[in-house]
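So the chains spell out like this:
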Amino acid sequence: MGKGKIHRVNLNNSKVSDVPFHLNCSQKIADALHFKHAVSPDSFDVKAIRMATTSPDGKWLAFNAVGHIWLKELPSGKPKRITNSDDFEFDPAFSADGKKLTWVTWNDTAKGSVIMIDRSLGITSARKLDIPKGIYRTPRFSPDNSKIVYVKEEGNDHMGFTWCNDPGIYLFDLNSADNSRIIEDGEYPYFSAEGERIYFMTGGYLFGALDKAFKSCDLSGNDLRTHYTSKYANQFV
């Protein structure tokens, strides 16, 4: 390092010596700009919400904000959290009668789970479905509120790959607690109006082009049907 000096190097013996010099100058020093940033205020205005869904009767709105699920009575009710959990909460969905809610959670230690709550009974009724921990998405109730369909993901670099075996679409029976994988590949599942079939999407981007399909199957994962695919210029099958 020069340490504020100028050096001379003798090319014959590599000896380094200082080059004496003197400099007169004046330097104006100004105060640096400083801004106050509230790192962890007691309250703040939320600027964005995600995953908003309305109840079947149109009277309630459930959504994700600042990592948790909130419930708001429409049109002008005050949003309230539906739990006091420290876990992150995502993907809320109402039951067909609007009395229940389901969503998924994430905790870096405990991993993910699927939760259900009876709105009339409040926070104390929150129930974690009896399924192994993993990474879960988009739970949905059946029309008769007896089952929940959801996605188990295969893992990723930022959430890990542990507990992510056997990804796919799963069906959980709320009466018997039976939990079974019905499709190995798919996303955004939901029940048909009669509750006899499950519709879902498959695919993504392949070589820069959109390659998706809209499919359905029965509750056992059989009778697979493809209703639409992006491969064939909006062709319905």
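First, a word on what this report is: a plain description of the structure on this page. Since the model is a prediction, treat every value here as computed from it, not as a measurement. In every chain, residue numbers begin from 1 and rise along the written sequence. Only residues with pLDDT of 70 or above have their local features reported here, since the model is predicted, and side-chain atom pairs are shown and tallied only from 80 upward, although totals for entire chains, interfaces and linings are computed over all residues. Computation of side-chain values covers all heavy atoms of the structure but excludes hydrogens and water.

### Structural notes on the nonpolar core
Step number 1: Residues grouped as a nonpolar core are buried Ala, Val, Leu, Ile, Met, Phe, Trp, Tyr and Cys residues, joined through side-chain atoms within 4.5 Å. Each residue's exposure class comes from its accessible area (1.4 Å probe, protein chains only) as a fraction of the maximum for that residue type: buried when under 20%, exposed when over 50%, partly exposed otherwise. Of all hydrophobic cores here, the largest spans 17 residues; its most connected members are Val114, Leu129, Ile131, Tyr150 and Leu174.
Step number 2: Each helix is a run of H or I in the DSSP string that is no shorter than four residues. Each strand is a run of E no shorter than two, and both are numbered from the N terminus. Of all the secondary structure elements, the ones that give two or more residues to this core are strand 8 (100-106), strand 9 (113-118), strand 11 (136-141), strand 12 (147-152) and strand 13 (168-173).
Step number 3: In this view, leucine 129 contacts Val114, Ile148, Phe172 and Leu174; residues no more than four positions away in its chain are not counted.
Step number 4: Membership of the second largest hydrophobic core comes to ten residues, among which are Val149, Leu171, Ile182 and Ile183. Residue contacts are counted whenever heavy atoms from the two residues lie within 4.5 Å of one another.

### Some details on the layout of surface pockets
Step number 1: Each cavity reported here is a set of points on a 1 Å grid over the protein atoms alone in which a 1.4 Å probe fits but cannot get out, each pocket an open set with protein on both sides within 12 Å along at least five of seven lines, and each lining residue one with an atom within 4 Å of a point. Grid points are joined across faces, edges and corners, and a volume is the space filled by probe spheres set on the points. The volume enclosed by the largest pocket comes to roughly 230 Å³.
Step number 2: Forming the boundary of the largest pocket are Val151, Lys152, Glu153, Glu154, Pro167, Gly168, Glu184, Asp185, Gly186, Glu187 and Gly203.
Step number 3: Only Asp, Glu, Lys and Arg are considered charged in this grouping, and only Ala, Val, Leu, Ile, Met, Phe, Trp, Tyr, Cys and Pro are considered nonpolar; every other residue, Gly among them, is considered polar. Per-class residue counts for the lining of the largest pocket are two nonpolar, three polar and six charged.

### Focus: the sheet that holds strand 11
Step number 1: Strands were regarded as paired on the criterion that DSSP finds at least two bridges between them. Taken together, the four strands give an open sheet; going across it, the order is 11-12-13-14, and neighbouring strands pair in antiparallel fashion. The sheet terminates laterally at strand 11 and strand 14 (179-183), the two strands that pair on one side only. Recorded for the sheet is a direction-independent mean angle of 25 degrees between the axes of neighbouring strands.
Step number 2: Pairing of strand 11 with strand 12, which is carried by four bridges, proceeds in the antiparallel orientation. Angles shown run from 0 to 180 degrees and are taken between the N-to-C directions of axes, each axis being a line fitted to C-alpha atoms and, for helices, limited to the stretch in contact.

### Examining the sheet that holds strand 7 (residues 88-94)
Step number 1: Strand order in this open sheet of four strands is 7-8-9-10, and the pairing throughout is antiparallel. Unpaired on one side and paired on the other, strand 7 and strand 10 (127-128) mark the two borders of the sheet.
Step number 2: Sheet analysis places strand 8 next to strand 9, joined by six bridges and oriented antiparallel. Paired with leucine 101 across the two strands is isoleucine 117, which belongs to strand 9.

### Let's talk about the side chain of glutamate 89
Step number 1: Mapped onto the elements, glutamate 89 comes out in strand 7.
Step number 2: Apart from residues lying up to four places away in sequence, glutamate 89 is in contact with Asn64, Gly67, His68, Ile69, Arg81, Thr83, Trp103, Val104 and Thr105.

### Quick look at the environment of threonine 202
Step number 1: Here threonine 202 lies in strand 16 (residues 197-206).
Step number 2: Residues threonine 202 and glycine 186, 16 residues apart in the sequence, show an inter-C-alpha distance of 4.7 Å.
Step number 3: With residues up to four places along the chain from it excluded, the contact list for threonine 202 reads Asp185, Gly186, Asp211, Lys212, Ala213 and Lys215.

### A short note on the pairing of strand 9
Step number 1: When you tally the buried positions in strand 9, you get six out of six residues, the bulk of the element.
Step number 2: Residue alternation in strand 9 divides its side chains into two sets, Ser113, Ile115 and Ile117 and Val114, Met116 and Asp118, and both sets are buried.
Step number 3: Hairpin connection from strand 8 to strand 9: six residues lie between these consecutive antiparallel strands, with lysine 111 at a positive phi of about 70 degrees.
Step number 4: With two bridges joining them, strand 9 and strand 10 adopt antiparallel strand pairing. Of the residues in strand 10, the one forming a bridge with isoleucine 115 is lysine 128.

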